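Below are the chains, spelled out letter by letter.
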Amino acid sequence: MVRSPTVVVTGTSRFIGARVAGRLAADPRVGRVIGLDSAIPSSALAELLRDVDQVRADAGAASGIIADVDAEAVVHLAVVSGPDQQYGGRAAMKEQNVIGTMQLLAACQQATRLRKLVVRSSTAAYGASFRDPAVFTEETEPREVPRGGFARDILDIEAYVRGFRRRRPDTTATVLRFAPFIGSTAETSLTRYFSQPLVPTVFGRDPRLQFVHVDDALEVLHRAVVEDHPGTYNVAGPGVLTLSQAIRRAGRVAVPVLEPGLSTAAGFTRTFGVGRYGLDQIDLFIHGRVVDISRLTREFGFVPRSTAAAFDDFRRAHPDSAVLGADRLAAAEQAILAGIRRVRDGLADDKQREPG
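What you are looking at is a predicted structure, and each value in this text was computed from that prediction instead of being measured.

Overview of the packing of helix H4 (residues 89–110) against helix H5 (residues 149–167)
And then number 1: In the contact formed by H4 and H5, the axes pass within 10 Å of each other and the chain directions differ by 5 degrees. By the angle between their directions, the pair H4 and H5 is classed as roughly parallel. For the pair H4 and H5, contact is made by Arg90, Met93, Lys94, Asn97, Val98, Thr101, Met102, Leu105, Cys108 and Gln109 and by Gly149, Phe150, Asp153, Asp156, Ile157, Tyr160, Val161, Phe164 and Arg167, respectively.

Dropping the structure here:
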């Protein structure tokens, strides 16, 4: 009789981690599922984890836990995309993402029964700049060092995984570079951004964007555990939406911003009061990012729903905030354009009055 594998999932106090652990626990091909997290999951997530053995500990304690349970697979999802000032800000974020991953991989290296490692990564690894190619493949290097802390953390995480692969060639290591999550159940900085009636954008920019539906992300993560898919994969919905298309589909109004403060996350937040946006998100809203998913579809035999379909699922789940119909949308856009013209005319008048 073939023994069902024991799987350790990190980050189970968060939505993605809890959903992945719950799905694996319900799969007859999987044996015991251990959830590893230093935080206590909410009551809503706890329901998803009713068949998961929860261990409250951080990555520093992973070595003993992985050895004690004879783990054969580890799914590392304890990666946070933005700093939370209530819990230590950027320093705590880097501690969890970079130091936590380093400690976990050190534990995995010593786990003799381990045969599979799945790591959540991000397309933020490619950065976002004016020098970007039209489409990134898994082999494309960033054209510039990313400005944002999350993207730099991702680069460090993937470097540690490459070292792990060299030291443990007997283990199947899968890295999944996810596009931003979206969908009816997703709650991220991106969904909060598109939920505003007035959406700030950069004047003169209309970046191309890709999203991945959260349910498709869960399916890919699940398959990476129960099947063998070594290597690095882009995970995104086929096709693209420009930022202006996404805003109009959501029934919102784009507010083009001229202030130079938009180039920094602090200026962006101060100007619009829209919550936490890091430089990673700001650069994405300026330059956009598109990735090739042919390796994913070929090796996994799975095609995520399109970027447009994933965004429409999010839009349908937030009908109350889409308060602008076609007539009001057009009128609001005309008012904004008139305001921009007044600003530009005022700047031109000031320049003409300058002494020669």
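Overview of the packing of helix H1 (residues 15–25) against helix H7 (residues 214–226)
And then number 1: At a minimum axis separation of 10 Å, H1 and H7 run at an interaxial angle of 50 degrees. In terms of orientation, H1 and H7 fall into the oblique class. The crossing of H1 and H7 is right-handed. Only Val214, Asp215, Leu218, Glu219, Leu221, His222, Val225 and Val226 of H7 make contact with H1, whose side of the interface consists of Phe15, Ile16, Arg19, Val20, Arg23 and Leu24.
And then number 2: Of the residues in the contact of H1 with H7, the class split is nine nonpolar, one polar and four charged.

A look at the packing of aromatic side chains
And then number 1: The final tally for this structure, using the stated rule, is nine aromatic pairs.
And then number 2: Both rings, one in Tyr126 and one in Phe136, keep their centres 4.6 Å apart while their planes meet at 20 degrees; by these two values the pair is stacked. Taken together, the residues span a long stretch of sequence, with Tyr126 in the loop between strand S5 (116–122) and H5 and Phe136 in the loop between S5 and H5 at a distance of ten residues. Each member of the pair, Tyr126 as well as Phe136, is classed as buried.
And then number 3: Look at Phe194 and Phe211: their rings are 6.1 Å apart centre to centre, the planes differ by 80 degrees, and that puts the pair in the edge-to-face class. Taken together, the residues Phe194 in helix H6 (residues 189–194) and Phe211 in the loop between strand S9 (208–209) and strand S10 (212–213) connect sequence positions 17 residues apart. Each member of the pair, Phe194 as well as Phe211, is classed as buried.

As for helix H10 (residues 279–287)
And then number 1: With seven of nine residues buried, H10 is to be regarded as a mostly interior element.
And then number 2: Among the residues of H10, Asp280, Gln281, Ile282, Asp283, Leu284, Phe285 and Ile286 are the ones counted as buried.
And then number 3: The positive-phi residue at the C-terminal boundary of H10 is Gly288, with phi of around 75 degrees.

Some remarks on the pattern of salt bridges
And then number 1: This structure, assessed with the given rule, holds 19 salt bridges.
And then number 2: The residue Arg113 makes a salt bridge to Glu72 at a minimum N-O spacing of 3.8 Å. Of this pair, Arg113 sits in the loop between H4 and S5 while Glu72 is found in the loop between helix H3 (62–68) and strand S4 (73–76), placing the two residues 41 residues apart along the sequence.
And then number 3: Of the residues examined, Arg113 reaches a relative accessible area of 35% and is grouped as partly exposed.
And then number 4: Assessed through its relative accessible area of 15%, Glu72 is described here as buried.
And then number 5: Put simply, Arg249 and Asp312 hold a salt bridge, and the shortest N to O gap is 2.8 Å. Of this pair, Arg249 sits in helix H8 (residues 243–249) while Asp312 sits in helix H12 (residues 307–316), placing them 63 residues apart in sequence.
And then number 6: Relative accessible area serves as the criterion here: at 35%, Arg249 is assigned to the partly exposed category.
And then number 7: Classification of Asp312 by relative accessible area gives buried; the value is 13%.
And then number 8: When salt bridges with common partners are traced through the structure, they connect Arg23, Glu219 and Arg223 into a single cluster.

What to know about the nonpolar core
And then number 1: Among the nonpolar cores identified, the biggest contains 38 residues, and Leu24 and Leu176 are the most heavily contacted of them.
And then number 2: Breaking this core down by element, the ones donating at least two residues are strand S1 (7–10), H1, S4, strand S6 (172–178), H7, strand S11 (231–235) and helix H11 (294–300).
And then number 3: For this core, the element with the highest residue contribution is H7, accounting for seven residues.
And then number 4: Aside from chain neighbours lying at most four places away, what touches Leu176 is Val118, Val119, Arg120, Ser121, Ser122, Val220, Leu221, Ala224, Tyr233, Val235 and Phe300.
And then number 5: If you look at the next biggest cluster of nonpolar residues, it comprises 31 residues, including Ala71, Ala125, Ile154 and Phe164.

A few points about the side chain of Asp280
And then number 1: Structurally, Asp280 can be placed in helix H10.
And then number 2: A polar atom in the side chain of Asp280 sits 3.2 Å from the backbone nitrogen of Phe150.
And then number 3: Side-chain polar atoms of Asp280 contact the backbone nitrogen of Ala151, separated by 3.1 Å.
And then number 4: Beyond its immediate sequence surroundings of up to four residues, Asp280 is in contact with Gly148, Gly149, Phe150 and Ala151.

Digging into the side chain of Arg19
And then number 1: Along the polypeptide, Arg19 turns up in helix H1.
And then number 2: Residue Arg19 is classed as buried on the basis of its relative accessible area of 19%.
And then number 3: When neighbours within four sequence positions are excluded, Arg19 is seen to be in contact with Leu48, Thr185, Asp215 and Leu218.

So, the sheet that holds strand S2 (residues 33–37)
And then number 1: Taken together, seven strands build an open sheet; the order of strands is S3-S2-S1-S4-S5-S6-S11 and the sheet is parallel. If you trace the sheet from one side to the other, it starts and ends with strand S3 (53–56) and S11, each paired once. For this sheet the average axis-to-axis angle between neighbouring strands, irrespective of direction, equals 20 degrees.
And then number 2: Bridging between S2 and S3 involves four bridges; their strand directions are parallel.

Criteria and thresholds
Residues numbered from 1 in each chain as written. Predicted model: local features only at pLDDT ≥ 70, side-chain atom pairs only at ≥ 80, totals over all residues. Heavy atoms only, no water. Axes fitted to C-alpha atoms, helices over the stretch in contact; angles between N-to-C directions. Helix = DSSP H or I, 4+ residues; strand = E, 2+ residues; numbered from the N terminus. Parallel < 35°, antiparallel > 145°, perpendicular 65-115°, else oblique. Contact = heavy atoms within 4.5 Å. Left-handed = near helix turned anticlockwise from the far one by under 90°. Nonpolar A, V, L, I, M, F, W, Y, C, P; charged D, E, K, R; others polar. Phe/Tyr/Trp six-rings, centres within 6.5 Å; stacked < 30°, edge-to-face > 60°. Buried < 20%, exposed > 50% of the residue type's maximum accessible area, 1.4 Å probe, protein only. Salt bridge = Lys/Arg side-chain N within 4 Å of Asp/Glu carboxyl O. Core = buried A, V, L, I, M, F, W, Y, C linked by side-chain atoms within 4.5 Å. Polar contact = N/O pair within 3.5 Å; in protein donor to acceptor, adjacent residues only side chain to side chain. Pairing = 2+ DSSP bridges.

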